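As a plain string of letters, each chain reads:
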Amino acid sequence: MAEMTYRDALNMALKEEMRRDPSVVVWGEDVALYEGSFKVTRGLLAEFGEGRVKDTPISENTIVGVAVGSALGGLRPAVELMTVNFALLAMDQIINHMAKIRSMFGGQATLPIVVRAPGGGGSQLGAQHSQSLEAFFMHCPGIYVAVPSTPSDAKGLLKSAIRDNNPVMFLEHELLYNSKGEVPEDEDFTVPLGKAHIMREGKDVTIIAYSRMSILALAAAAELEKEGISCEVVDLRTLTPLDTATFTASVKKTGRAVVVSECWRTCGVGAEITSLLYENCFDSLLAPVQRVSGLDVPMPYSRKIEKLCIPQVEDAVKAVKEVLSQKY
Amino acid sequence: MATEIIMPKLSDTMEEGVLVSWKKSTGERVERGDIIAEVQTDKANMELESFASGILLEIRAKAGDVVAVGTVIAIVGDAGEKPEIKLAAEGERREIAVETPLMREEKAAVPEQDKTGGATGKVAVAAAGEEKASPLVRRLAREKGIDLGEVQGTGPDGRILRENLEKYIEVREKAPQEKPALPGRTAPEVSVVAGKPQPFSRMRAAIARNVTSSWHGIPHFCVRMSVDMGEAEALRRGLKERGIPLSINDLIIKAAAMALEKYPVLNASFSDEGIIFHPETNVGIAVSVEGGLLVPVVRGCEKLSLKEIAEISRGLIERAGQGTISEHDITGGTFTVSNLGMFGVEEFSAIIHPNQAAILAVAAILDTVVIRDNRVVNARMMQVTLSADHRLVDGVDAAKFLSELKKILETPCAMLV
């Protein structure tokens, strides 16, 4: 184990997998010479050379399209989109090709692709560069969606994603790159896709979250503990496959749930999780499930207003108190 | 801020209650849900829970006082706080709404607290099956076989919280062992002085009120008939041997329910606007208890088998005897059976219960000489007398009902199908 940042954990995963399997290749905008806009691909060009690490033109549709083609030809591309906001330019390749080819060809072809994309808000980057688009990908069958919250999960999930024969949208959070945590240095360490993580056990209420919102949920739980409220925090780790069994079991235990997601509220991840809770835990619920989410607005630039649009610790605290109120 | 604690209206007929005792004294800290006093209604003793947390600032009714529903009996607030609430003038009371007969076990209903912290005193009651409760509370109730209609909720609009249900279960499970005071027993004790009026127990006063209003308000007439109970007794013995114990009274309830199905006009209520037919046949059984009479109700008899009727009535009679009967158990009757057979009574007539059309008075089964097929034989005969409301029915209706009842009891296998 070593303490390292989320960024370095991802870098370690890429390096280990490229060493392990020569068919793993990396490309994207500024990933080679500049070593990535967020420095996740630092050292890759030097170690693996131009044949396996390439800078691309500013064309996201090409980045994903070439990944689809080369995956069909036998490579395992782990490509980078500079931010998830630009994935919108590659949606045709992602949704119409990457997500569908395996089933359209009856499983004759596999698409072992990882599309890494940083996202999330909170850095005053304005409406077009502060989005959390995971619900778009979660909505579409045929692709996995990974949303790591800790350095250790970032490494373990990325390694699993690269080794998996299904295409994976690997969504990193820009505000987590500098977060630190213990990470196993073991090259065989992986975190399976589709297995949620109970980050903290509790008995009064279950907070379900992912990515940076899991870290926020832990902070809320710590705050609530001071008031004698015991929160269980379930980190989903991947949205597809979704580990429904783990979070429903937790809610059956606590009887109350708060779902925290950074994406927009309407048709968001929280809506899906909430539906699953009503379908699976109806008889165990003591109170309506509460959603904490980003507001349904294009992100404002102003720091103060931006903060109002992204879930904060106090929003999660408030939601927990609401489901625990005397009303139910 | 200070909160008024009022005398709650704990049943549809309750107009006043006796403050039996205070469980907390002035200056003491009380938490929401704490039992602060014991109150006797016209039906049962109930514990009064505080619906606010704070210091019991003031007590306005002494133990033993008879207090009208809605009267402020105590003030709960912060230490040192002067009750802001205007002092209620002597005898002043709040309007209290109770929409339907309320249940509510031994636990007192806790008046809902409004947003400002003041008590509205309104106890919200939902129609059967429409009680507010979370899915989890509903499941627990289902698993435990509890009718949520019997549980008093303390959440907003009377929502039944898990703690309400848990407390109800606790009380219910404890009930048979403990001895909650028999209704009518814990009235303030008075020394008996010959020639001086003794205050009525709540129950006695309630009975007096009800029979007076029935007797004055309902034009009664009585029709009597003899029933040969030989076959019914044989059936009862046969079932008992097969491990299904039931009483003659259970057979009569079942037979009456079947006859009422054929003559629904006797399962009805009189109102100024017209006759109100009841979709359910809820048969009350008059049960003598210390200090008076209770009439627990077997609900939905038209849908119940003989065995089910026997089980339900056994439970009701048991609870009535123990004084653990709930308000719900003794409300909602649509017809009543009063049986004095166990005392060897040869015949009697009964007074109709308010809002019902008739009452069946059942006497003892006696060895009687009868002539059958020109031969003198011994038969097991029972007299039944139907008192009916002449505004709703005529003699012929009562006679037809009794003939049907007689036919069923004399060919009792009809009750098994």
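Reading the values: rules and limits
Residues numbered from 1 in each chain as written. Chains lettered and ligands numbered in written order. Predicted model: local features only at pLDDT ≥ 70, side-chain atom pairs only at ≥ 80, totals over all residues. Heavy atoms only, no water. Helix = DSSP H or I, 4+ residues; strand = E, 2+ residues; numbered from the N terminus. Contact = heavy atoms within 4.5 Å. Areas by Shrake-Rupley, 256 points an atom, 1.4 Å probe, with all protein chains shown as cover. Pairing = 2+ DSSP bridges. Axes fitted to C-alpha atoms, helices over the stretch in contact; angles between N-to-C directions. Buried < 20%, exposed > 50% of the residue type's maximum accessible area, 1.4 Å probe, protein only. pLDDT = per-residue confidence, 0-100. Buried area = accessible area lost by both parts, 1.4 Å probe. Salt bridge = Lys/Arg side-chain N within 4 Å of Asp/Glu carboxyl O. Polar contact = N/O pair within 3.5 Å; in protein donor to acceptor, adjacent residues only side chain to side chain. Expected span 1.5 Å × (residues − 1). Arc of directions from axis to C-beta.

Undergrad: Please explain the overall build of chain B as it appears in this structure.
TA: For chain B, the count of helices and strands is 7 helices and 18 strands. Partitioning the contacts of chain B with sequence separation of at least 6, the portion at a separation of at least 24 is 65%. With the model as given, the accessible surface of chain B reaches about 19900 Å², and the carbon-plus-sulfur share is 52%.

Undergrad: For this particular structure, what's the right way to read the sheet that holds strand 11 (residues 231-235) of chain A?
TA: Hydrogen bonding along the main chain pairs the strands of a sheet, whether they run parallel or antiparallel. Residues and elements named next belong to chain A. Here 5 strands make up an open sheet; going across it, the order is 9-11-10-13-14 and the pairing mixed. Each edge of the open sheet carries a strand with a single partner, namely strand 9 (197-200) and strand 14 (290-294). Direction aside, the axes of adjacent strands within the sheet are offset by 25° on average. Judged from the 3 bridges that link them, strand 10 (residues 205-209) and strand 13 (residues 257-264) form a sheet pairing that is parallel.

Undergrad: Is there a simple way to explain the side chain of B:Ser338 in this structure?
TA: Residue and element names in this part refer to chain B. Within the secondary structure, Ser338 is located in strand 16 (residues 335-339). Residue Ser338 is classed as buried on the basis of its relative accessible area, which comes to 13%. In contact with Ser338, other than residues within four places in its own chain, are Ala286, Phe348, Ile359, Leu360, Ala361 and Val362.

Undergrad: Sorry, what's going on with the confidence of the model for chain B here?
TA: Low-pLDDT portions of the prediction should not be read for the details of their coordinates. Residue and element names in this part refer to chain B. On average, chain B scores 81 in pLDDT, and the residues at 70 or more come to 83%. Counting interchain partners and residues more than four positions distant, the pLDDT-below-50 stretch residues 85-128 has 114 contacts. The ipTM, which scores confidence in the relative placement of chains, is 0.70 for this predicted complex, and the corresponding pTM is 0.55.

Undergrad: Explain the interface of chain B and chain A to me, please; I cannot follow it from the model alone.
TA: How large an interface is tends to be reported as the accessible area lost when its parts come together. Listed by partner, the interface residues are 13 residues for chain B and 8 residues for chain A. Together, the buried faces of chain B and chain A total about 940 Å²; carbon and sulfur atoms form 54% of this surface. Summed over the shared surface of chain B and chain A, the number is 1 salt bridge. The shortest N-O distance in the salt bridge between A:Asp283 and B:Arg142 comes to 3.1 Å. Here chain B is connected to chain A by 4 residue pairs in polar contact (both at pLDDT 80 or more). Elements that contribute at least two residues to the side of chain B that touches chain A include exactly helix 1 (135-144) and helix 2 (162-174) of chain B. Ranked by residue count, the leading element in the side of chain B that touches chain A is helix 1 of chain B, at 5 residues.

Undergrad: Explanation requested: the sheet that holds strand 2 (residues 16-22) of chain B in the structure shown.
TA: All names here are of chain B. The 4 strands lie next to each other as 5-4-2-7, forming an open sheet whose pairing is antiparallel. Strand pairing shows two members of the sheet lacking a second neighbour, strand 5 (45-49) and strand 7 (66-68), which therefore form its edges. Neighbour-to-neighbour, the strand axes of this sheet turn through a mean angle of 40°, independent of strand direction. With 5 bridges joining them, strand 4 (residues 35-40) and strand 5 adopt antiparallel strand pairing. Paired with Ala37 across the strands is Leu48, a residue of strand 5.

Undergrad: For this particular structure, what's the right way to read helix 4 (residues 230-241) of chain B?
TA: In an α-helix, one turn spans 3.6 residues; hence positions three or four apart end up facing the same way. Residue and element names in this part refer to chain B. Given a rise of 1.5 Å per residue, 12 residues ought to cover 16 Å, and the 17 Å separating the end C-alpha atoms of helix 4 matches this to within 8%. Listed in full, the buried residues belonging to helix 4 are Ala232, Glu233, Leu235 and Leu239. Buried residues of helix 4 fall within an arc of 160° about the axis and therefore sit on the same side. With respect to the buried face of helix 4, the exposed residues turned more than 90 degrees away are Glu231 and Glu241. Tucked inside the fold, the buried residues of helix 4 contact helix 5 (248-262), helix 6 (306-322), strand 17 (358-372), strand 18 (375-389) and helix 7 (395-410). Of the residues flanking the end of helix 4, it is Gly243, one or two places downstream, whose phi is positive at about 85°.

Undergrad: Hey, could you run me through the pairing of strand 11 of chain A in this one?
TA: In regular strands, side chains alternate between the two faces of the sheet. All names here are of chain A. Here strand 11 lies mainly inside the structure; 5 of its 5 residues are buried. Every second residue of strand 11 is oriented toward a common face, with Cys231, Val233 and Asp235 on one face and Glu232 and Val234 on the other, all of them buried. Both strand 9 and strand 11 contribute to a ladder of 3 bridges, which runs antiparallel. Of the residues in strand 11, the one forming a bridge with Ile198 is Val234. Note: strand 10 against strand 11, 5 bridges, orientation parallel. Opposite Ile208, over in strand 11, you have Val234 as the bridge partner.

Undergrad: Help me understand the pattern of salt bridges, please; the structure alone is not making it clear to me.
TA: Any two side chains of opposite charge can pair, given that their charged atoms come close. All names here are of chain A. Within this structure, the stated rule accounts for 34 salt bridges over all chains. A salt bridge links Glu172 to Arg116; its shortest N-O distance comes to 2.6 Å. Taken as a pair, Glu172 in strand 7 (residues 168-173) and Arg116 in strand 5 (residues 114-119) lie far apart in primary sequence, 56 residues in all. Given a relative accessible area of 1%, Arg116 falls into the buried group. Across the pair Arg237 and Asp153 runs a salt bridge, and its minimum N-O distance is 3.0 Å. Taken together, the residues Arg237 in the loop between strand 11 and strand 12 (238-240) and Asp153 in helix 7 (residues 151-163) connect sequence positions 84 residues apart. Assessed through its relative accessible area of 11%, Arg237 is described here as buried. Residue class for Asp153 comes out buried when judged on its relative accessible area of 3%. Salt bridges sharing partners connect three or more residues here, namely Glu16, Glu17, Arg20, Lys155, Lys159 and Arg163.

Undergrad: Which parts of the structure should I look at to understand the environment of A:Asp315?
TA: Note that A:Asp315 resides in helix 12 (residues 313-323). Residue contacts for A:Asp315: discarding those within four places in its chain leaves A:Val292 and A:Ile310.

Undergrad: Could you clarify how one ought to interpret the pairing of strand 5 of chain B in this entry?
TA: Burial analysis of strand 5 of chain B places 4 of its 5 residues in the buried class, the great majority of the element. Linking strand 4 of chain B back to strand 5 of chain B in an antiparallel pair, the connection comprises 4 residues.

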